[in-house]
Structures are given as structure tokens and as C-alpha cells.
Amino acid sequence: MTATSIRHDWTLQEARSLFELPFNDLMFRAQSVHRQHFDPNEVQVSTLLSIKTGACPEDCKYCPQSNRYDTGLENEKLMAVEKVLAEAVAAKASGATRFCMGAAWRSPKKKDMPYVTAMVRGVKEMGLETCMTLGMLTGEQASELAESGLDYYNHNLDTSPEFYGEIITTRTYQDRLGTLSNVRDAGIKVCSGGIVGMGESIKDRAGLLLQLANLPVQPESVPINMLVKVEGTPMANLADLDPFDFIRTIAVARIMMPQSHVRLSAGRESMNEEMHALAYFAGANSIFYGEKLLTTPNPKANKDLELFGRLGIKPEERHVEHSDEAESDALLGAVEQAQNDRFFYDATA
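Quick caveat, the model's predicted, so the values are computed rather than measured. (Residues numbered from 1 in each chain as written. Predicted model: local features only at pLDDT ≥ 70, side-chain atom pairs only at ≥ 80, totals over all residues. Heavy atoms only, no water.)

**Student:** Where do I start with unusual backbone geometry in this structure?
**Tutor:** The backbone phi angle of Asp158 is positive, close to 75°, even though this residue is not glycine. Within the secondary structure, Asp158 sits in the loop between strand E4 (152–154) and helix H6 (161–164). (Helix = DSSP H or I, 4+ residues; strand = E, 2+ residues; numbered from the N terminus.)

**Student:** Help me understand the side chain of Thr249, please; the structure alone is not making it clear to me.
**Tutor:** Along the polypeptide, Thr249 turns up in helix H9 (residues 243–256). Residue class for Thr249 comes out buried when judged on its relative accessible area of 1%. Not counting residues within four places of it along the chain, the set of residues in contact with Thr249 comprises Phe19, Val196, Arg205, Leu209 and Ile224. (Buried < 20%, exposed > 50% of the residue type's maximum accessible area, 1.4 Å probe, protein only. Contact = heavy atoms within 4.5 Å.)

**Student:** I keep staring at the nonpolar core and nothing clicks. Help me out?
**Tutor:** Across soluble globular proteins, you tend to see nonpolar side chains buried next to one another. Membership of the largest hydrophobic core comes to 91 residues, with the highest contact counts inside it found for Ile51, Met132, Leu145 and Phe246. Among the elements that line this core, the one with the most residues is H9, at eight residues. Setting aside its immediate chain neighbours within four residues, Leu145 contacts Met113, Val116, Thr117, Met132, Leu134, Leu137, Leu150, Tyr153 and Ile188. Core analysis: the second largest hydrophobic core is formed by five residues, Leu48, Cys100, Tyr152 and Phe288 among them. (Core = buried A, V, L, I, M, F, W, Y, C linked by side-chain atoms within 4.5 Å.)

**Student:** Honestly, the packing of aromatic side chains in this entry has me stumped. Any pointers?
**Tutor:** Describing an aromatic ring pair means giving the distance of the ring centres and the angle of the ring planes. Applying the stated criterion across every chain, the model contains three aromatic pairs. Here the aromatic rings of Tyr164 and Tyr173 are separated by 5.1 Å at their centres, their planes lie at 85°, and the arrangement is edge-to-face. The exposure classification of Tyr164 matches that of Tyr173, with both residues buried. Its guanidinium or amino end placed over the ring of Trp10, Arg7 lies 4.3 Å from that ring's centre, counting from NZ or CZ. (Phe/Tyr/Trp six-rings, centres within 6.5 Å; stacked < 30°, edge-to-face > 60°. Lys NZ or Arg CZ within 6 Å of the ring centre and 35° of its normal.)

**Student:** Which parts of the structure should I look at to understand the packing of H9 against helix H10 (residues 273–282)?
**Tutor:** Two quantities define a packed helix pair, namely the angle between the helix axes and the distance between the axes. Axis separation between H9 and H10 bottoms out at 8 Å; the angle between their running directions is 20°. Relative to H10, the element H9 lies roughly parallel. For the crossing formed where H9 meets H10, the hand is right-handed. Across the interface between the two elements, Pro243, Phe244, Phe246, Ile247, Ile250, Ala251 and Arg254 of H9 pack against Met275, Leu278, Ala279 and Ala282 of H10. The class makeup of the residues in the contact of H9 with H10 is 10 nonpolar, no polar and one charged. (Axes fitted to C-alpha atoms, helices over the stretch in contact; angles between N-to-C directions. Parallel < 35°, antiparallel > 145°, perpendicular 65-115°, else oblique. Left-handed = near helix turned anticlockwise from the far one by under 90°. Nonpolar A, V, L, I, M, F, W, Y, C, P; charged D, E, K, R; others polar.)

**Student:** Which parts of the structure should I look at to understand the environment of Thr97?
**Tutor:** Looking at where Thr97 falls in the secondary structure, it is placed in the loop between helix H3 (81–93) and strand E2 (98–103). Under the relative-accessibility criterion, Thr97 is labelled buried at 15%. Sequence separation between Thr97 and Gly127 is 30 residues, and the spatial gap between their C-alpha atoms is 8.1 Å. Engagement of the side chain of Thr97 in a polar contact is seen with the side chain of Gln44, the distance being 3.3 Å. (Polar contact = N/O pair within 3.5 Å; in protein donor to acceptor, adjacent residues only side chain to side chain.)

**Student:** Can you walk me through the environment of Lys111 in this structure?
**Tutor:** The topology assignment puts Lys111 in the loop between E2 and helix H4 (113–125). Residue Lys111 is classed as exposed on the basis of its relative accessible area of 58%. Reaching out from Lys111, the side chain makes a polar contact with the side chain of Asp112 at a distance of 3.5 Å.

**Student:** Please clarify how the packing of helix H2 (residues 23–37) against H10 should be interpreted in this entry.
**Tutor:** In contact at an axis separation of 8 Å, H2 and H10 are set at 55° when each is read in the N-to-C sense. Taken together, the axis directions place H2 and H10 in an arrangement best described as oblique. Facing H2, whose interface residues are Phe23, Met27, Ala30 and Gln31, H10 presents Leu278, Tyr280, Phe281 and Ala282. Its residues placed into classes, the contact of H2 with H10 shows seven nonpolar, one polar and no charged.

**Student:** What am I meant to see in the pairing of strand E8 (residues 261–264) here?
**Tutor:** Looking down a regular strand, the side chains alternate between one sheet face and the other. Going residue by residue along E8, you find His261 and Arg263 tucked away on one face and Val262 and Leu264 tucked away on the opposite face as well. Sheet topology places strand E7 (residues 221–226) next to E8; four bridges connect them, and they run parallel. Following the sheet pairing, Pro223 is matched in E8 by Arg263. Once you follow E7 into H9 and on to E8, the crossover reads as right-handed. (Pairing = 2+ DSSP bridges. Right-handed = clockwise from strand over helix to strand, strands pointing away.)

Functional significance is not addressed by these values, which are geometric in nature.
Structure follows, in C-alpha cells:
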């Protein structure tokens with residue numbers, strides 16, 4: 001087996017050994033793997049919109065959207081389809097190639113499905129890739145989303161099975177794996193990763209990546225989040241994560257999942273330009289783009305583009321099948337709605 005073979009038989013010791021490599025050796029290996037599968041100077045750009053904010057019944061200790069914690073977050077009901085489509089218009093205009101929609105649910109209810117599937121169809125008609133994160137899905141719900149044209153479904157494992165109980169008690173690890181299986185069986189691409197900086201050990205970071213890499217099919221997209229500490233959550237006062245530990249996690253994810261897009265997700269607002277550059281060198285080739293990430297701040301879009309220019313990076317082009325007429329109708333309808341309705345809100349408030 002070469003370093004770039006797609007493997008589903010990683011051991012915990014192998015994963016830990018990668019984390020323990022000297023930093024320069026790890027970076028060299030990760031960049032070498034990255035170049036064999038991707039253009040090292042392209043980064044896929046996604047925009048994430050919170051389509052339903054707050055009032056989540058889960059007890060995830062990192063999450064300001066849980067109704068268990070007083071974080072000052074204002075709850076928002078499910079956005080109207082037309083409002084979501086107008087946000088997608090703005091995202092496409094700013095350079096995004098994928099539009100991700102997130103709802104703070106344990107799982108969607110039957111009455112919600114017609115609305116979210118309409119969102120998927122509308123965004124797809126604009127020529128954007130579509131992604132959703134709605135909580136746990138049944139097989140039937142996954143099939144319904146697939147029929148509407150959904151490209152990706154995000155459902156993170158968060159951490160290792162061993163550390164998971166320290167983070168959440170209202171949903172089991174197997175619940176998460178079951179949703180990933182339902183999504184894959186429906187023919188939707190999988191987006192799944194985790195969060196670092198929650199007090200976990202190196203063994204736990206290795207364990208998380210082990211779970212992802214050893215899935216029957218590795219996720220097409222692997223978001224690596226750095227904990228955003230929000231006042232009012234149980235994790236608000238944890239010690240800061242060593243930036244090099246975050247970069248190591250990116251690099252190991254790249255080596256273990258060589259054909260997956262590894263995404264810089266939450267926590268980018270606190271990363272300086274040098275840390276971003278190191279992450280791209282370690283194999284990160286996807287970002288969430290725009291000034292908000294569900295309910296937490298994200299770097300301004302022009303700041304990302306300026307850094308891209310200085311590093312010689314360009315946004316990755318993506319191709320979605322659609323008719324010009326459908327795209328035109330979708331754009332015109334969403335723009336008209338945007339002009340007649342002042343609905344944009346700041347999800348970080």
C-alpha cells in the first residue's frame with residue numbers, strides 16, 4: 001500500500017503515528033499526497049446559510065443553538081423558500097460554487113420536507129451544488145432529498161466514539177453513523193468531519209479520523225472545525241487549541257482520506273493568514289465563504305479572496321447540470337423577491 005491508496009483498514013496506532021511525526025515530515029507527506037489527487041492551488045468555495053436558527057433540543061456542549069444554554073441567540077423559524085433562494089443568488093454572485101443550508105433540528109419533521117426539498121430544487125436550478133444539514137435522517141427522508149437533487153448532506157461525527165459521551169448525551173454515535181448510512185444509500189454524497197479543541201486528546205483526534213476513513217466509502221467532504229467558544233455554553237472557558245495541533249489534524253485527514261475535500265470550517269475567524277496558508281499547504285482545499293457560519297463569525301469574503309491572490313490560489317470550478325432557462329428564471333425570481341422584501345438577518349446576533 002502506498003501513502004495515497006484509498007484504505008478502509010486504518011488502525012488507531014497508524015493514525016496516532018501520523019500525528020506524532022515531526023511537523024515538517026508530516027507537512028511534506030500531506031502535501032505530497034494532496035498533489036497526487038488535487039490541484040494544490042485550487043480551493044473549493046461554499047457558502048453556509050442558517051435556514052432555521054436556535055431552539056435545538058440536543059445538548060451538544062459546544063453549540064449556541066441548543067435550548068439548554070443561555071447564549072443570547074435569537075431563535076429564528078424556518079426561512080421562506082424565496083428568501084433562501086435570494087441568499088443563494090448573493091452567494092453565487094460572490095463566487096461560491098456550493099450553497100449549504102443548515103437547520104437546528106434534531107431531525108426534520110414530515111411537514112418540513114416539502115419546504116427543504118423546494119429549496120434544494122431552486123438552488124440547483126441556479127447552477128450551484130447543494131448541501132444540507134438538518135440533523136438525523138431516516139432512509140425515507142434521505143431518498144426524498146435525493147429525489148429533489150441534493151448533492152451533499154452534512155452530518156458530523158464530532159469526535160471519537162470514546163470521547164463522544166463528554167460532548168453530547170441526547171444522540172448516540174450510532175445514530176450519527178446510521179444517518180450517514182442512510183444518506184449514502186440514497187445516493188447523496190457525504191460531508192462529515194468533526195471539531196477539535198474540545199478538550200479531546202490526540203488519541204481522540206486520531207479516533208475521529210479513523211472512523212471517517214474506515215467508512216465503506218470515505219466522505220467526499222471532510223470539514224475540520226476548530227471550537228468556537230461561545231459564552232453560555234459549557235465549553236466557553238476551555239483553553240485555546242495549539243494552532244499546530246489544528247494543522248496536524250488537517251494534514252492527517254489529508255493523508256488518510258486522499259481523495260476527499262478537506263474543509264476549513266468553524267474557527268477560521270480566529271486564524272491568522274499564516275495559519276490559513278499552513279492549512280492549505282497541509283491539504284485543506286475547501287472553505288466556507290462569507291461573514292457568518294450558522295451562528296458564529298467567519299472571515300469576510302474579500303479577505304479570503306485577497307489571501308487567495310497573495311498565495312496564488314484560485315477558487316475551484318464546479319459544474320452542475322442545469323438549463324440556462326431554468327437558471328435565468330430562478331435568478332430573476334429570487335432577485336425580484338430580494339428587492340421587494342427586506343429579510344436578510346445576521347445569524348451571529
